[in-house]
Amino acid sequence: MAEKKERQSNLEQIKKHLSSSETKLVDGVFNFHGPLTVSEFASKVKKTPAIVLTYFFKKGIVKTINTSLNENEIAELCLELGYDFVKQENVDSSNVFENLKIEEKDEDLVKRAPIITIMGHVDHGKTTLIDQIRKTNVLQSEFGGITQHTGAYQIKYGDERITLLDTPGHEAFTEMRARGAKVTDIVILVVAADDGVKPQTIEAIDHAKAAKVPLIVFVNKMDKPDIDIERVKAQLSEHDVVCEEWGGEVPFVYGSAIKNQNIDKLLETISLQADLLNLRANLNRDPIGTIIESKVDKGRGVVATVIVENGTMYERDFIVAGAQYGKIKTLNSTDGLPLQKALPGMPAIVTGLNKAPRSGERFIVLNDEKFAKKLAEDRAFQDKQKELNAKNVNIISEQTKTINVIIKGDVQGTAEAVKNTVSKIKNDELSVQVIRATAGEVSKADVMLATASNARIYTFNIPSINSEVKKLAEQENIKIIQHNIIYKIVDELRSLIKSLKEPVYVEKLIGEANVIQLFYYSKVGTIAGCMQNEGQVKENCKVEVWRKNKLIHKGVIESLKREKNDVKVVEKGFDFGTHIKDFDKIEIDDELKFYEDVIQDDE
């Protein structure tokens, strides 16, 4: 195998993808990817703007050099000028890694380790399965027994290696599970034999289908007394996951993670499936892969878990991941041991990036540091523009008020998952807006941003707050709320948004009375002498007047008296006198129904 200096570079491949989407005229074909101003179009086809302006003026359309031309107008102009035209997808720094397809020669490719993602419903035994495979105790270190962020591990099976991704089990981490499916070769779907198909089981199936990734079903908890295998098969078949026994293509393995039953058979099935997929990669290339997780460590800076998908990674490689970049300072296995190199299919822990990249972000190693930094800085600028545009939309749309929130997670993927979950919390009048979601401890900058935006700060899996930061937060009256389980954050914000909502009132029937006498006073009008039959009547409450089962008036009690004294309430069984505001056509035997407005309960 070639050493680092002999690796094939990704630079020309990247530049080729970027240049292929340039707006330009080549051999009589105009390539473009969106609207252009008159000036821009004229410049690209090497014509004067006057030619374009004159063309439209003759058609009765007045344009200026800064007028934007839509796709149809660009096509029309190309035909007028005798050019063919092709609209291409715009490939730039924001999407070049996602669109990048490295062209490899067949003789350069060798077998690589399969990347396996373990998915399934919460508490169906995913982490216990990995725990058994790795012979370590991952589960006890997770809060509430729920996996809080994505873990990557590699194990040896016979002469081969298998990479495992353990994705979070709580419903709030759908986004992170989706990312897991994107980087994986095979999905292991864990289904409890005694519980069957559940909502997150279906989500996992959907993610695997969307990523076009084959499934292996591990029917877990076969040691339980109340198992129903046929029910599990039938439920899965409803979602097009049909076992081989029923003539389908999906291998089913039946076992018990906690009892170590059939774990070897599962590994054998994974190995056979990987052979069928013929997974290969080029060892002698600068590496490309995916960021699985990232966080900010006090002593080491940004620490990222990566999976290399093609090429070989070494220390001192210059890595770009979205808007982040840096030279790899340390390269370790996920067990913390130093690595000389990371091969295709292998997870690794790297340090050296300038900031924590997003989970699921593609990374690439480039041997031209200047070009790599420019690529990352362009992406950072575009991300900032998108963020500003999103904030402007929120400012313009003031029909709903917002509760501003800053999220600080132990790792970037968790912070984003919390953001995606709490951003969906809203009602008709209020919504939650996450203005920042990053990994690392709460900083003074976070507190100042919270002050400027009137936000509260939620931390997730961060054990302590720096004393100076805590003091600043107290001075600025900023709340910092610490949690280790995501649904506590969700419940708290739902409760908050409910308490801040403008109350909605509904009419509640509080009593009924009959008119038994009439009195007339010139200064007031007709006074109804009544007997309270049910409930009570209150001063200034709403009233309906019913005559022979027909509603004839809706109004308000203007006065309420007992024995010439003003009273606030009259209870059942007592008589009283009342005048209904702006209504004097009351008659004996009319029925009065009294109402008051009460706050509607959402529950």
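No experiment lies behind these values; they were computed from the predicted model shown. (Residues numbered from 1 in each chain as written. Predicted model: local features only at pLDDT ≥ 70, side-chain atom pairs only at ≥ 80, totals over all residues. Heavy atoms only, no water.)

Strand order in the open sheet formed by 4 strands is S21-S20-S22-S23, with parallel pairing between adjacent strands. This sheet does not close on itself; its edge strands, each paired only once, are strand S21 (430-439) and strand S23 (480-483). Averaged over all neighbouring strand pairs, the angle between strand axes comes to 25°, with direction disregarded. Of the pairings in the sheet, the one linking strand S20 (residues 401-409) to strand S22 (residues 455-460) comprises 6 bridges and is parallel in character. When the sheet's bridge partners are listed, glycine 409 is paired in S22 with phenylalanine 460. The sheet strands contacting helix H12 (residues 412-422) are S20, S21 and S22, and the helix crosses S21 at an angle near 175°. (Pairing = 2+ DSSP bridges. Helix = DSSP H or I, 4+ residues; strand = E, 2+ residues; numbered from the N terminus. Axes fitted to C-alpha atoms, helices over the stretch in contact; angles between N-to-C directions. Contact = heavy atoms within 4.5 Å.)

What follows concerns a nonpolar patch on the surface. On the surface, Phe519, Tyr521 and Val524 cluster together into a nonpolar patch covering about 290 Å² of accessible area. Relative to the elements of secondary structure, tyrosine 521 occurs in strand S24 (residues 505-521). (Patch = residues over 30% accessible without salt bridge, like charges linked within 9 Å, V, L, I, M, F, W, Y side chains within 5 Å. Areas by Shrake-Rupley, 256 points an atom, 1.4 Å probe, with all protein chains shown as cover. Salt bridge = Lys/Arg side-chain N within 4 Å of Asp/Glu carboxyl O.)

Turning next to the pairing of strand S15 (residues 301-310). Each regular strand shows side chains that alternate between the opposite faces of the sheet. Burial analysis of S15 places 8 of its 10 residues in the buried class, which makes it a mostly covered element. The pairing of strand S14 (residues 288-297) with S15 spans 9 bridges and is antiparallel. The partner of valine 296 across the bridge, within S15, is valine 302. Counting the residues that bridge the hairpin from S14 to S15 gives 3 residues. (Buried < 20%, exposed > 50% of the residue type's maximum accessible area, 1.4 Å probe, protein only.)

Quick look at the sheet that holds strand S16 (residues 318-321) now. A barrel is described by the order of its strands in space; here 6 strands give the closed sequence S14-S15-S18-S17-S16-S19, paired in antiparallel fashion. Put simply, the sheet's adjacent strands are angled 45° from each other on average, direction ignored. When S15 meets strand S18 (residues 347-353), the two strands line up antiparallel, connected through 5 bridges. The residue bridging valine 306 from the neighbouring strand is alanine 348, located in S18.

By the element assignment, threonine 269 lies in helix H10 (residues 263-277). With sequence-adjacent residues up to four places away left out, threonine 269 is seen in contact with Ile216, Pro251 and Val253.

Moving on, we get to helix H13 (residues 444-453). Those residues of H13 that fall on the buried side of the exposure criterion are Asp446, Val447, Ala450 and Ser453. The arc enclosing the buried residues of H13, seen along the axis, measures out at 140°, which places them on a common side. Buried residues along H13 sit in contact with S20, S21, S22 and helix H14 (467-475). Backbone geometry just downstream of H13 places asparagine 454 in the positive-phi region, at approximately 55°. (Arc of directions from axis to C-beta.)

Once that is clear, we can look at the packing of H12 against helix H15 (residues 486-500). Interhelical geometry of H12 versus H15 gives an angle of 30° and a closest axis separation of 10 Å. When the axis of H12 is compared with that of H15, the two are roughly parallel. Pair H12 / H15 crosses with right-handed handedness. Note on element contacts: H15 touches H12 through Ile486, Ile489, Val490 and Leu493, opposite Ala417, Val418, Thr421 and Val422. (Parallel < 35°, antiparallel > 145°, perpendicular 65-115°, else oblique. Left-handed = near helix turned anticlockwise from the far one by under 90°.)

Looking now at the packing of helix H6 (residues 126-134) against H10. Two elements in contact, H6 and H10, have axes separated by 11 Å at closest approach and are oriented at 90°. Classified by the angle their axes make, H6 and H10 are roughly perpendicular. Together, Leu129, Gln132 and Ile133 of H6 and Ile263, Leu266 and Leu267 of H10 make up the contact between the two elements. For the contact of H6 with H10, the per-class residue count stands at 5 nonpolar, 1 polar and no charged. (Nonpolar A, V, L, I, M, F, W, Y, C, P; charged D, E, K, R; others polar.)

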